[in-house]
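# Coordinate analysis (summary)
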Amino acid sequence: MADTPKVLPSQVLRAIQGKEGEHSFSEEELAALRAQIIEERAKRRAEAATNQPTVVVDNLNIVYRIHGAGTGRGSATGALSRIVSRRTSPTIREVHAVRGISFVARRGESIGLIGRNGSGKSTTLAAIAGLLPPEKGGGVYTDGQPSLLGINAALMPDLTGERNVIVGCLAMGMSKAEANARYQGIVDFSRIQETNPHAMNLPMKAYSSGMAARLRFAIAASRDQDVLMIDEALATGDAKFQAQSEQRIRELRASAGTVFVVSHSMAAIRDTCDRAIWIEAGKILMDGDVDEVADAYEAWSKQG
Ligand SMILES: Nc1ncnc2c1ncn2[C@@H]1O[C@H](COP(=O)(O)OP(=O)(O)OP(=O)(O)O)[C@@H](O)[C@H]1O
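Residues numbered from 1 in each chain as written. Predicted model: local features only at pLDDT ≥ 70, side-chain atom pairs only at ≥ 80, totals over all residues. Heavy atoms only, no water.

## What to know about the overall build of the protein
How we decide: Every helix listed is a DSSP run of H or I at least four residues long, and every strand listed is a run of E at least two residues long, numbered separately from the N terminus. Each residue is assigned to one of three classes by its accessible area relative to the maximum for its type, calculated with a 1.4 Å probe on protein chains only: buried under 20%, partly exposed between the two thresholds, exposed over 50%. Here, two residues are considered to be in contact whenever any of their heavy atoms come within 4.5 Å of each other. Here the open area of atoms and residues is found with the Shrake-Rupley method and a 1.4 Å probe, where only the protein chains shown may cover a residue.
Across its full length, the protein carries twelve helices and eight strands. Here the protein holds 304 residues, and 45% of them are scored as buried. Here the contacts in the protein between residues at least 6 apart in sequence split such that 71% fall between residues at least 24 apart. Accessible area of the protein: about 15,200 Å², with a carbon and sulfur share of 53%.

## Some points on the site of the ligand
Keep this limit in mind: We call a residue near a given molecule or strand whenever any one of its heavy atoms falls within 4 Å of it. Polar contacts, as counted here, are pairs of nitrogen or oxygen atoms within 3.5 Å of one another; within protein the pair requires one atom able to donate a hydrogen and one able to accept it, and residues that are adjacent in sequence qualify only if both atoms are side-chain atoms. Amino acids outside the nonpolar list (Ala, Val, Leu, Ile, Met, Phe, Trp, Tyr, Cys, Pro) and the charged list (Asp, Glu, Lys, Arg) are all regarded as polar, and Gly is one of them.
Around the ligand, a shell composed of 13 residues is seen, among which N117, K121, S122, T123 and H264 lie nearest. Here an oxygen atom of the ligand and a backbone polar atom of G120 are 2.9 Å apart. Contact with the protein chains removes 62% of the 630 Å² of surface that the ligand exposes when unbound. Contributing elements (two or more residues each) for the shell around the ligand: β1 (53–66), β2 (93–106) and α4 (121–128). No other element matches α4, which puts three residues into the shell around the ligand. When grouped by side-chain class, the residues that make up the shell around the ligand number four nonpolar, seven polar and two charged.

## Some points on the sheet that holds β1
Put simply, the rule reads: Whether two strands pair depends on DSSP finding at least two bridges between them. Inter-axis angles, ranging from 0 to 180 degrees, are taken between N-to-C directions of lines fitted to C-alpha atoms, where helices are fitted over the stretch in contact.
With antiparallel pairing, three strands are arranged side by side in an open sheet as β2-β1-β4. For this open sheet the edge positions go to β2 and β4 (139–142), each flanked by a neighbour on one side alone. Here the average twist between neighbouring strands, direction ignored, is 20°.

## Let's talk about the packing of aromatic side chains
Here is the rule: Side-chain rings of Phe, Tyr and Trp (the six-membered ring for Trp) are treated as a pair once their centres are within 6.5 Å; stacked means planes under 30 degrees apart, edge-to-face means over 60, and tilted covers the remaining angles.
Summed over all chains, the structure comprises five aromatic pairs. Measuring from ring centre to ring centre gives 5.9 Å for F189 and F217, while their planes differ by 20°; the resulting arrangement is stacked. Here F189 is found in helix α6 (residues 176–190), whereas its partner F217 is found in helix α8 (residues 209–220), with 28 residues between them in sequence. Relative to W300, the ring of W278 has its centre 5.2 Å away and its plane inclined at 65°; by these criteria the two rings are edge-to-face. Of the two residues, W278 is situated in strand β7 (residues 275–280) and W300 in helix α12 (residues 290–302); the sequence distance between them amounts to 22 residues. Overall, the relative accessible area of 29% leaves W300 in the partly exposed class. Taken together, the ring pairs connect W278, Y297 and W300 into an aromatic cluster.

## A look at helix α5 (residues 161–171)
Along α5, the residues classified as buried are G161, N164, V165, I166, G168 and C169. Where α5 is buried, its residues meet α6 and α8. Just downstream of α5 lies G173, where phi reads positive at about 95°.

## Details of the pairing of strand β8 (residues 283–289)
Pairing between β7 and β8: six bridges, direction antiparallel. Note on β8: the bridge partner recorded for I279 is I284. Between β7 and β8, which follow one another and run antiparallel, lie two residues, and A281 among them has a positive phi close to 50°.

## Some details on the pattern of salt bridges
The criterion, for reference: When a carboxyl oxygen of Asp or Glu is within 4 Å of a side-chain nitrogen of Lys or Arg, the pair counts as a salt bridge.
A full pass over the atoms with the stated rule returns 17 salt bridges. For R41, the salt bridge goes to D291, with nearest N and O atoms at 3.1 Å. Of the two residues, R41 is situated in helix α2 (residues 27–49) and D291 in helix α12; the sequence distance between them amounts to 250 residues. Residue R41 is classed as buried on the basis of its relative accessible area of 3%. Note that R116 and E280 form a salt bridge whose closest N and O atoms lie 2.6 Å from each other. Of this pair, R116 sits in the loop between β3 (110–114) and α4 while E280 sits in strand β7, placing them 164 residues apart in sequence. Classification of E280 as buried rests on a relative accessible area of 15%.

Structure follows, in structure tokens:
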């Protein structure tokens, strides 16, 4: 397996901070491991810095427009009367979720998007995936089609898990033969048959949210992608699935794709990403080495 760390960066950090209960490292060993992790990460970042860009986000602004919000005027009769009278709705509420964000992502980079609830992380990913139109004066340019499955793509609730795997593979551009060939690997990776042996024959609406998230991740990560986006998928599985998913993210990064990870778990971000972007109120507060950004974000969060 590519790029498998013996000890995860977050474990070393926790041990140094005295938060890790049981570990068998001396202080010197921990310091050496930490130095090695920092050196390897700096090397990967320096290599990636000259790679081809996969995503260019340039002065991105995203505004949600909610029609008839909170006034009771969102009714069908209200909409009809507005059409008849050709009035524009006076009750459109705007949420300016992303405010002038710019950055460049390159091959071989894994980038964590961090920030508190509602800061604009998922909106940024959805815009990169082409699901939300940018406001005029800026935009998103991507090399190829970023994987939509990475961002909570709606698998179809009425179709069985089996059909969703095949449809999901086809949606990612695989041929039917390739989708069939990947099928078993995806099912094995998701491990949902350990939860329910008949899971693949059940409609997805019968899955728990964790089972659905695992299947989605397994489909999205089943082939090397130019750009893979993972929105909180790491938080849904159990510890074993999380470790397995994090390993897959490192492999994808090593195979020179670009991986975006949205997570509230700083440990998951430190273990899978080399770079982090901290978003607050729709703007980038910090963009750089994952440890520096995660440290600053954690210190800021503690202040309340
Ligand atoms: N479909 C929508 N319609 C209107 N407003 C929305 C919509 N989705 C998100 N928003 C608003 O946009 C802002 C950014 O939301 P977003 O989901 O991008 O944040 P986030 O950083 O991903 O949050 P979280 O960590 O809670 O997932 C918030 O104010 C949110 O209320």
